[in-house]
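Here are the chains, one letter per residue:
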Amino acid sequence: MNLDSKIPEGPLAEKWDKHKFNVKLVNPANKRKYDVIVVGTGLAGASAAASLAELGYNVKAFTYHDSPRRAHSIAAQGGINAAKNYQNDGDSVYRLFYDTVKGGDYRAREANVYRLAQVSVNIIDQCVAQGVPFAREYGGLLANRSFGGAQVSRTFYARGQTGQQLLLGAYSALSRQIAYGKVKMYTRSEMLDLVMVDGKAAGIITRNLITGEIEKHAAHAVVLATGGYGNVFYLSTNAKYCNATAAWRAHKKGAFFANPCFTQIHPTCIPVSGDYQSKLTLMSESLRNDGRVWVPKTVEMAQRLRAGQIRVQDIPEEERDYFLERKYPAFGNLVPRDVASRNAKQMCDEGRGVGSSGLAVYLDFAEIIKRTGADSVAQKYGNLFDMYAKITGENPYEQPMRIYPAVHYTMGGLWVDYNLQTTIPGLYATGECNFSDHGANRLGASALMQGLADGYFVIPYTIGDALAQTPPKPVTTEHPAFAEAEVAVRERIAKLLSINGTRTPDDFHKALGHVMWEYCGMARNAEGLKHAKAEIQKLRREFWSDLKLVGTETEMNQALEKAGRVADFLELGELMVDDALDRNESCGGHFREEYATEEGEAKRDDENYAYVAAWQYVGDNQPEVLNKEELKFENVKLTQRSYK
């Protein structure tokens with residue numbers, strides 16, 4: 001299939017403005033004749049639902065939570081990027097664009113990334129107007145801090161609660177439209193399938209998670225804002241409810257899935273402490289502004305430390321290896337996440353890791369505390385330090401934090417064009433649900449930026465282009481396609497409940513997560529990926545023959561919920577492995593051990609792999625078809641990334 005990205009013609013800096021003028025418009029009187037479904041109410045979903053309703057569309061918004069405020073966007077800690085250049089330190093829209101393309105290892109569309117940088121400046125004004133309590137300088141101006149992959153301070157923040165505060169702003173805008181009757185809110189409702197009529201998205205099938213009731217909903221357009229698929233690894237920084245079902249259901253109806261192997265490993269996570277854990281806890285990347293990352297210089301010193309023969313305070317300065325500062329003097333501890341993560345793994349692989357498992361490095365704040373005082377540090381990071389102390393029982397004001405990389409964000413997602421429309425007409429994907437803006441590695445503080453950019457400033461323009469060409473006739477669920485989709489959903493649920501095996505959904509999920517982390521995690525190679533594919537196929541067969549579920553479909557049944565999501569993770573995991581095996585290069589978070597520079601850095605193959613891999617579902621147990629969208633770079637030069 002020929003993938004038409006619909007990138008506008010003209011100079012990079014003019015594409016978005018010209019496109020906004022050229023898209024077709026729906027006049028205000030007609031907007032109230034169109035129904036739009038928004039699935040997900042995190043930053044991308046809440047902002048989209050509120051903005052579309054403000055324009056006059058009739059919006060139905062769906063969340064599997066009891067309130068939009070519980071969306072996982074709330075967990076983002078460090079900040080949100082915007083090219084305001086308040087610090088007068090050399091930032092600009094173009095520099096944010098360049099840092100993002102470079103940080104993604106040149107595997108993102110120039111046009112999409114530049115638009116993201118452009119609208120970033122509007123996001124801050126929008127959020128301030130909503131009352132988001134960004135940190136401020138002594139004189140009252142908004143404060144900024146630096147983040148990985150940049151040499152300027154462009155990250156706006158609200159202590160370590162930026163995602164929560166931004167979501168409350170979007171939620172207030174959404175609540176206003178709910179009160180006006182322009183948004184109908186469906187809580188505790190999970191999308192289980194997409195309904196297609198005449199090749200277009202026409203609605204969704206949902207399950208009420210309290211009563212088990214299957215419901216049908218029709219609309220002129222459907223917007224997915226359902227987040228990423230990091231929980232395919234079982235242990236990740238994602239909330240346990242985060243899943244890929246909505247996107248995967250859309251994929252199996254014809255929406256291409258792009259770059260599934262591009263997974264971000266976050267370098268500052270509290271290390272795994274036991275088999276009982278169901279998720280991991282992130283320590284914000286903002287801590288790398290002032291924290292210094294190090295390990296002992298020798299394996300012998302690290303062994304004594306792990307054995308409890310010495311304390312961390314006993315290691316003199318000359319025996320500490322601040323390896324990021326040593327290897328990347330220009331960026332130091334603020335190298336991008338993929339670079340920091342790989343280096344932490346390398347230190348532990350050499351035997352210089354710390355903690356009882358040896359799978360950790362130190363993040364040390366002694367220097368900044370000595371220079372500015374503990375009170376000053378507490379003002380910036382107090383809630384993060386408290387979180388760390390409660391989880392580990394260690395005081396980070398007195399000894400270094402222990403951190404290790406963990407699965408965090410997924411750059412892959414549903415393929416979308418410049419209008420954020422998938423390969424299914426009428427179906428859109430926003431935020432982490434799509435693939436469009438981050439390439440092979442997302443820079444820190446860019447997730448919140450993309451979610452709000454898509455919701456507030458992109459989809460309100462681009463969705464109108466398609467709706468203007470759609471007759472404003474009322475839509476209903478009477479079409480036979482809705483009944484067929486409902487039957488398919490009920491049959492799938494019945495099949496899950498009828499297996500009556502011996503293993504729980506969590507058991508299968510853990511097994512899948514282990515395979516994914518070991519063979520498709522921070523480092524991959526062809527042999528390991530082939531092994532992973534065979535193991536996942538075996539797990540899939542066992543899942544459908546040995547799954548054990550209790551309860552029924554006509555009640556609240558969290559085991560049933562999990563089972564459906566794990567079934568989708570098993571299929572998605574196999575596609576991730578296929579994508580990683582097909583991409584014979586290293587780029588960003590996709591590190592193939594066979595393709596590395598002499599210094600151990602990711603080695604791209606721009607001649608053969610400068611494209612978006614868009615996978616097409618063709619049928620159960622059949623190989624997916626690879627479609628390629630060639631990436632053209634007219635404004636940046638493809639070079640080996642360097643942060644030295």
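Residues numbered from 1 in each chain as written. Predicted model: local features only at pLDDT ≥ 70, side-chain atom pairs only at ≥ 80, totals over all residues. Heavy atoms only, no water.

1. A look at the environment of V416
Under the convention used in this document: Here a strand is any run of E in DSSP of at least two residues, a helix any run of H or I of at least four, and the numbering for each starts at the N terminus. The buried label applies to any residue whose accessible area, calculated with a 1.4 Å probe on protein chains only, is under 20% of its type's maximum; exposed applies above 50%, and partly exposed to all values in between. Any pair of residues with heavy atoms lying within 4.5 Å of one another is described as a contacting pair.
Secondary-structure assignment places V416 in the loop between strand 17 (413–414) and strand 18 (427–429). For V416, a relative accessible area of 0% translates into the label buried. For the pair formed by V416 and T430, sequence separation is 14 residues and the distance between their alpha carbons is 8.8 Å. Apart from the residues lying within four places of it in its own chain, the contact partners of V416 are R109, Q421, T422, A429, N434, F435 and S436.

2. Remarks on the packing of aromatic side chains
Centre distance and the angle of the planes are the two values used to describe a pair of aromatic rings. Where we set the bar: Two aromatic rings from Phe, Tyr or Trp, using only the six-membered ring of Trp, form a pair when their centres are within 6.5 Å; if the ring planes differ by under 30 degrees the pair is stacked, by over 60 it is edge-to-face, and anything between is tilted. The criterion for a charge sitting over a ring is simple: Lys NZ or Arg CZ within 6 Å of the ring centre, and within 35 degrees of the ring normal.
Scanning the model with the defined rule gives 22 aromatic pairs in all. Both rings, one in W16 and one in Y461, keep their centres 5.9 Å apart while their planes meet at 80°; by these two values the pair is edge-to-face. Placement of the pair is W16 in helix 1 (residues 15–22) and Y461 in helix 13 (residues 447–467), with a sequence separation of 445 residues. Overall, the relative accessible area of 37% leaves Y461 in the partly exposed class. In this structure an aromatic cluster arises from ring pairing among F365, Y381, F385 and Y397. The ring of Y157 is capped by R145, whose NZ or CZ atom sits 3.7 Å from the centre of that ring. If you follow K495 out to its NZ or CZ, it ends over the ring of W544, 4.7 Å from the centre.

3. As for the pairing of strand 2 (residues 58–62)
Residues in a regular strand project their side chains so that they alternate between the two faces of the sheet. Let me state the cut-off plainly: Two strands qualify as a pair provided DSSP detects at least 2 bridges between them. Classification remark: right-handed applies to a crossover when, strands pointing away from the viewer, the course from the first strand over the helix to the second runs clockwise.
Note: strand 1 (residues 35–39) against strand 2, 5 bridges, orientation parallel. Residue D35 lies in a different strand from strand 2, and its bridge partner there is N58. Note on the crossover from strand 1 through helix 3 (residues 43–55) to strand 2: the handedness is right-handed. Note that strand 2 and strand 6 (residues 183–186) share 4 bridges and pair parallel. Each residue of the ladder has a partner; that of A61, found in strand 6, is M185.

4. Section: the layout of surface pockets
We apply this condition: Of the grid points, spaced at 1 Å and generated over the protein atoms alone, those admitting a 1.4 Å probe that cannot get out make up cavities, while open sets with protein on both sides within 12 Å along at least five of seven lines make up pockets; any residue with an atom within 4 Å of a point is treated as lining. Grid points are joined across faces, edges and corners, and a volume is the space filled by probe spheres set on the points. Only Asp, Glu, Lys and Arg are considered charged in this grouping, and only Ala, Val, Leu, Ile, Met, Phe, Trp, Tyr, Cys and Pro are considered nonpolar; every other residue, Gly among them, is considered polar.
Looking at the second largest pocket, its volume works out to about 1,000 Å³. Surrounding the second largest pocket, 39 residues form its lining, K252, R492, R540, E571 and D620 being those nearest its centre. Sorting the residues of the lining of the second largest pocket by element identifies strand 7 (189–197), helix 7 (245–252), helix 14 (480–498), helix 16 (526–546) and helix 17 (558–582) as the ones contributing at least two each. The element best represented in the lining of the second largest pocket is helix 17, accounting for 9 residues. Split by residue class, the lining of the second largest pocket holds 13 nonpolar, 6 polar and 20 charged.

5. Focus on unusual backbone geometry
Within the chain, N85 stands out as a residue other than glycine whose phi angle is a positive 55°. If you trace the backbone, N85 turns up in the loop between strand 3 (80–81) and helix 4 (93–103).

6. Considerations on helix 7
The buried fraction of helix 7 is high, at 8 of 8 residues. Those residues of helix 7 not exposed but buried are T245, A246, A247, W248, R249, A250, H251 and K252. Where helix 7 ends, the next residue or the one after it, G254, has phi of about 130°, a positive value.

7. Looking at the side chain of R115
Formally: Here the positive residues are Lys and Arg and the negative ones are Asp and Glu; neither His nor the chain ends is included. By convention in these notes, a salt bridge is any Lys or Arg side-chain nitrogen within 4 Å of a carboxyl oxygen on Asp or Glu.
Looking at the secondary structure, you find R115 in helix 5 (residues 110–130). The buried charged residue R115 lacks any salt bridge, with D454 as its nearest oppositely charged partner at 5.4 Å. The contacts of R115, once residues within four sequence positions are left out, are W16, Y418, L420 and V458.

8. Focus: the pattern of salt bridges
In total, this model carries 49 salt bridges according to the counting rule given. For R292, the salt bridge goes to E317, with nearest N and O atoms at 3.9 Å. Of this pair, R292 sits in strand 13 (residues 292–296) while E317 sits in the loop between helix 8 (299–306) and strand 14 (320–321); the two residues are 25 residues apart in sequence, bridging distant segments of the chain. On the basis of relative accessible area, R292 is assigned to the buried category, the value being 19%. Take E317: its relative accessible area is 43%, and that puts it in the partly exposed class. Here R371 ties to E367 by a salt bridge, and the two come within 3.5 Å at their closest N and O atoms. Pair noted here: R371 and E367 are both in helix 11 (residues 366–372), with a separation of 4 residues, about one helical turn.

9. As for empty space enclosed by the protein
Empty pockets left among the atoms are what a rolling probe the size of a water molecule brings to light. Per the stated rule, a full pass over the model turns up 5 cavities of 30 Å³ or more. There is about 60 Å³ of room inside the largest cavity. If you trace the largest cavity, you find it lined by T263, Q264, I265, D338, S341, R342, N441, M522, G589 and F591. Partitioned by chemical class, the residues of the lining of the largest cavity number 3 nonpolar, 5 polar and 2 charged.

Purely geometric numbers; function is a separate question.
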